[in-house]
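Per-entry structural report
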Amino acid sequence: MTARVMTVAFAGIDTIPVDVQVQMASGLPAFSVVGLPDKAVSEARERVRSALSAMGLALPPKRITINLAPADLLKEGSHFDLPIALGLLAEMDVIGHEDIANFVVLGELGLDGSITGVGGILPAAMQASGLDRGIICPADNGAEALWAGELEILAPSRLTGLINHFKGTQILSRPCAPKVSSSPLSLPDLRDIKGQESAKRALEIAAAGGHNLLMSGPPGSGKSMLAARLPGLLPELNARQALETTVIHSVSGMLPEGGLIRTRPFRQPHHSASMPALVGG
Ligand SMILES: Nc1ncnc2c1ncn2[C@@H]1O[C@H](COP(=O)(O)OP(=O)(O)O)[C@@H](O)[C@H]1O
Ligand SMILES: [Mg+2]
């Protein structure tokens, strides 16, 4: 029988479901990962092997093949460790095939069997919820998955914790919602700027009307300082915009633990950045 675990691959901020298929067949002992894995995914083999041996489990001397379907899509990232490990555990009859059938799984493994945080849990959880599945993700990212809605979330910090949960000896609790501070956000304020009355007026008009701004002046005259104060003039993000902004931060691994981004992002690309680097190829 082949164990199957669902995970996702990322294309920008979009997620594509990936089916991790694990097969153990008789033959010369081997362990291979196929389906266009990049270097980080190929190295999952070593992390998974070590994490299992840290729990006192040795891989059986069989021909082990991991296939990541669809096979023509490049798989990047370290979040494939956990689905591969769970597929192997199901094939070794440590956990049941049905235990993992209704989950989307993401997570990186440490050599000692710990599960470390990865980026992109929020869009993965949204995908899981769309597929009517739960999500298994690292404990560090558990709170992030909560934003996706009413799906089942398992957020273990170690592989043993997850196995105990499936065995029923120690049930994992749902991660707690992070505290969202209701205090007004402290953004840079226009009052820090001395003089520059016409520039401040231009900033206010641009914020009110949604216009573009082009600032020109010698270095040190306060252009960056003025620009950084624009988010403070703009209205707060609505729920949809906040979620979209949070997804982008999640995929790029810049999300502070479980927080929802509620301020408008301010980015300062270096002035020597090329046009494709700034706006895309
Ligand atoms: N009008 C101003 N009021 C207060 N501080 C200013 C003003 N203009 C410039 N500064 C100071 O000069 C520093 C450099 O300004 P900056 O915005 O980096 O200039 P630019 O981007 O035009 O090169 C600011 O961080 C601020 O400390
Ligand atoms: Mg500047």
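Residues numbered from 1 in each chain as written. Chains lettered and ligands numbered in written order. Predicted model: local features only at pLDDT ≥ 70, side-chain atom pairs only at ≥ 80, totals over all residues. Heavy atoms only, no water.

1. Things to note about the domain arrangement of the protein
For the protein, the domain assignment lists domain 1 (3–167) and domain 2 (190–279). Each of domain 1 and domain 2 has a C-alpha centre, and the two are 37 Å apart. Taken together, the 12 residues of domain 1 in the interface contact 10 residues of domain 2. Around 930 Å² of area is buried between domain 1 and domain 2 when both sides are counted, 77% of it from carbon and sulfur atoms. Our enumeration of links across domain 1 and domain 2 arrives at zero salt bridges. At the boundary of domain 1 and domain 2, one finds four residue pairs in polar contact (both at pLDDT 80 or more). Looking at the side of domain 1 that touches domain 2, the elements with two or more residues in it are helix 4 (121–130) and helix 5 (142–145). (Domains from an automatic or database assignment. Contact = heavy atoms within 4.5 Å. Buried area = accessible area lost by both parts, 1.4 Å probe. Salt bridge = Lys/Arg side-chain N within 4 Å of Asp/Glu carboxyl O. Polar contact = N/O pair within 3.5 Å; in protein donor to acceptor, adjacent residues only side chain to side chain. Helix = DSSP H or I, 4+ residues; strand = E, 2+ residues; numbered from the N terminus.)

2. Regarding the state of the cysteines
Tallying each qualifying case throughout the model produces zero disulfides. As a non-bridged cysteine, Cys176 has Cys137 as the owner of its nearest cysteine sulfur, 13 Å distant. The exposure class of Cys176 is exposed, given its relative accessible area of 63%. (Disulfide = S-S within 2.5 Å. Buried < 20%, exposed > 50% of the residue type's maximum accessible area, 1.4 Å probe, protein only.)

3. Brief notes about the layout of surface pockets
Volume-wise, the largest pocket comes out at about 530 Å³. The wall of the largest pocket is formed by 19 residues, among which Met215, Ala227, Leu230, Phe266 and Arg267 lie closest to the centre. Elements represented by at least two residues in the lining of the largest pocket include exactly helix 8 (223–228) and helix 9 (230–233). Of all the elements, helix 8 adds the most residues to the lining of the largest pocket, at three residues. (1 Å grid on protein atoms, 1.4 Å probe; cavity = no way out; pocket = protein on both sides within 12 Å on 5 of 7 lines; lining within 4 Å. Points joined across faces, edges and corners; volume = space filled by probe spheres on them.)

4. A word on the site of ligand 1
Contacts to ligand 1 come from Asp192, Ile193, Lys194, Gln196, Pro218, Pro219, Gly220, Ser221, Gly222, Lys223, Ser224 and Met225. Lys223 is positioned with one of its side-chain polar atoms (N or O) 2.7 Å from an oxygen atom of ligand 1. Ser224 places a polar side-chain atom, nitrogen or oxygen, 2.7 Å from an oxygen atom of ligand 1. Within the complex, the protein chains bury 61% of what would otherwise be the 560 Å² of accessible surface of ligand 1. Looking at the shell around ligand 1, its residues break down into four nonpolar, five polar and three charged. (Near = heavy atom within 4 Å. Areas by Shrake-Rupley, 256 points an atom, 1.4 Å probe, with all protein chains shown as cover. Nonpolar A, V, L, I, M, F, W, Y, C, P; charged D, E, K, R; others polar.)

5. A word on unusual backbone geometry
In this chain, Ala69 is followed by Pro70 through a cis amide linkage whose omega measures 5°. Mapped onto the secondary structure, Pro70 falls in the loop between strand 4 (63–69) and helix 3 (81–91). With phi around 50°, Leu36 is a residue other than glycine that occupies positive phi space.

6. Details of a nonpolar patch on the surface
A cluster of nonpolar side chains, contributed by Met275, Leu278 and Val279, occupies part of the molecular surface with about 340 Å² of accessible area. Mapped onto the fold, Val279 is located in helix 11 (residues 275–279). By relative accessible area, Val279 is classed as exposed at 61%. (Patch = residues over 30% accessible without salt bridge, like charges linked within 9 Å, V, L, I, M, F, W, Y side chains within 5 Å.)

7. A short note on the side chain of His79
Looking at the element boundaries, His79 is found in the loop between strand 4 and helix 3. Engagement of the side chain of His79 in a polar contact is seen with the backbone oxygen of Val8, the distance being 2.7 Å. Once residues lying within four places of it in the same chain are set aside, the contact partners of His79 are Thr7, Val8, Phe10, Val105, Leu106, Gly107 and Val118.

8. Brief notes about the pattern of salt bridges
Taken as a whole and assessed by the stated rule, the structure comprises five salt bridges. Where Glu43 meets Lys39, a salt bridge forms, and the shortest distance between an N and an O atom there is 3.5 Å. Taking the shortest distance from any N to any O, the salt bridge between Asp192 and Arg229 comes out at 3.0 Å. Highlighted residues: Asp192 in the loop between helix 6 (159–167) and helix 7 (197–209) and Arg229 in the loop between helix 8 and helix 9, separated in sequence by 37 residues. Under the relative-accessibility criterion, Asp192 is labelled partly exposed at 34%.

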